[in-house]
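Here is how the chains run, residue by residue.
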Amino acid sequence: MELSFKAPPIDAATAISGNETDHLALLKFKAKIVHDPQNATSSWNNSAHFCNWEGVICGRKHQRVTLLELNSKDWVGTLSPYMGNMSFLREISLYNNSLQGDIPSELGRLFRLRVLNLKNNSFEGKIPSNLHDWPWISVQQAGWKYPSEACRFVQDSKGQLKHLSIIALGSNNLSGIIPPAIYNISSITIFSMYDNSLHGSLPSNIGHLLPYLQRMQIWGNHFSGSIPVSLSNAFKLEYISLQQNNFTGNLDVDFGGLQSVGELYLFSNHLESSGDNYLDFIISLLNCSNLKFLDTSYNQFKGALPKCVANNISSPVEWSTIKLVDASLHGYQCLLAYRIWI
């Protein structure tokens, strides 16, 4: 890993003697910030080398910008497309601001980029259509418990994505569909695009396309269609958060093989129970020994719960909710009813 450093103080005469490309790109970046109440960019002038500017880290060898870290600065503004000229950038971390507009497609030129953390802003528009061109990129979300929170896009010699570990673009105003190429990257482990305005359906074979998925977090969007049966193939899943969407139809996923799942949130959709074996998913949940939280409320489930469920109150579930459409779902009054704590 390349070492990073803060440059020693440099007088004004030599302040702009470093790499002019990065220097000008940073000034263009600053120009797009229209509100800077903490004066985070007050040092961004010719009185100091740009490697000494707040939030800027440079590499030792080339004195090129490798890191921009300016989180929680209460900024209002947009991202400059000139950021794509800082070719040594490895990390951009700008979460918890009020940045808006599109995510510049020019970021696709940053072939060294590992981390792009834009959580909790107000970015709009579609996820960049040239996402598949990004050679190696990490989209990181702060606050996760996972040690390697990076999303990697690696190109092979043909320019196609080879690996994607984690993608997180939650809590923005992104719209449109998820680029289909993302679903073809089998190494995805964390898939987090919650609280946006994304729509479309999930691929029916998503569990086969993403077999190493550990965390699926797409709540608070406009996804529709059925929840794919193949989700049961992603046996490493630990956290499933699909609530507050427009999913419809029966829930036919066999959760029994998901031994690691600890939280399952499906509330506020349009899921229903009809036909034969319509509540088998509940039986399959009894095999999920790590399940702690379950919420299927505000759907259209109805009918009688299987007797074997009612007799199984030794589950480790701490709380669970199945809210009824017409109060006709019955048979398990200890665990699967209106937030009963055990």
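See the structure shown above.
Structure report, in brief. Position labels on residues start from 1 in each chain and follow its written sequence. Totals for whole chains, interfaces and linings use all residues, but because this is a predicted model, local features are given only for residues with pLDDT of at least 70 and pairs of side-chain atoms are given and counted only at 80 or more. The basis for every side-chain value is the complete set of heavy atoms in the structure, and neither hydrogens nor water enter the calculation.

## Let's talk about the overall build of the protein
- Labels follow the DSSP assignment, with helices taken as runs of H or I lasting at least four residues and strands as runs of E lasting at least two, numbered in each case from the N terminus. Looking only at helices and strands, the protein features four helices and 21 strands.
- When burial is assessed residue by residue, the protein has 52% of its 342 residues classed as buried.
- Only heavy atoms matter for contacts: two residues are in contact if any of them lie within 4.5 Å across the pair. A separation threshold of at least 6 residues defines the contact pool for the protein, and within that pool the share at least 24 residues apart is 59%.
- Exposure was quantified through the Shrake-Rupley algorithm and a 1.4 Å probe, taking into account, for residues, occlusion by the shown protein chains and nothing else. Accessible area for the protein stands at about 15100 Å²; split by element, carbon and sulfur atoms hold 50% of it. Residue exposure (1.4 Å probe, protein chains only): buried if accessible area is under 20% of the type maximum, exposed if over 50%, otherwise partly exposed.

## Re the state of the cysteines
- Put simply, a disulfide is two cysteine sulfurs that come within 2.5 Å. This structure, assessed with the given rule, holds one disulfide.
- The disulfide that involves Cys51 links it to Cys58, with 2.0 Å between the sulfurs. Note on the Cys51 and Cys58 pair: the S-S dihedral is about -95 degrees, so by sign convention the disulfide is left-handed.
- Classification of Cys51 as buried rests on a relative accessible area of 0%.

## Things to note about the packing of aromatic side chains
- Geometry of aromatic contacts follows a simple scheme: Phe, Tyr and Trp rings, the Trp one being its six-membered ring, pair when their centres are within 6.5 Å, and the pair is stacked under 30 degrees between planes, edge-to-face over 60, tilted otherwise. For the coordinates displayed, the defined rule picks out eight aromatic pairs.
- An angle of 15 degrees between the planes, with centres 5.2 Å apart, marks the rings of Tyr194 and Trp219 as stacked. Of this pair, Tyr194 sits in the loop between β12 (190-192) and β13 (197-201) while Trp219 sits in the loop between β14 (215-217) and β15 (222-225), and the two are 25 residues apart along the sequence.
- Overall, the relative accessible area of 7% leaves Tyr194 in the buried class.
- Look at Trp219 and you get partly exposed, because its relative accessible area is 22%.
- Taken together through their ring pairs, the aromatic side chains of Phe29, Trp44, Phe50, Trp53 and Trp75 make up a single cluster.

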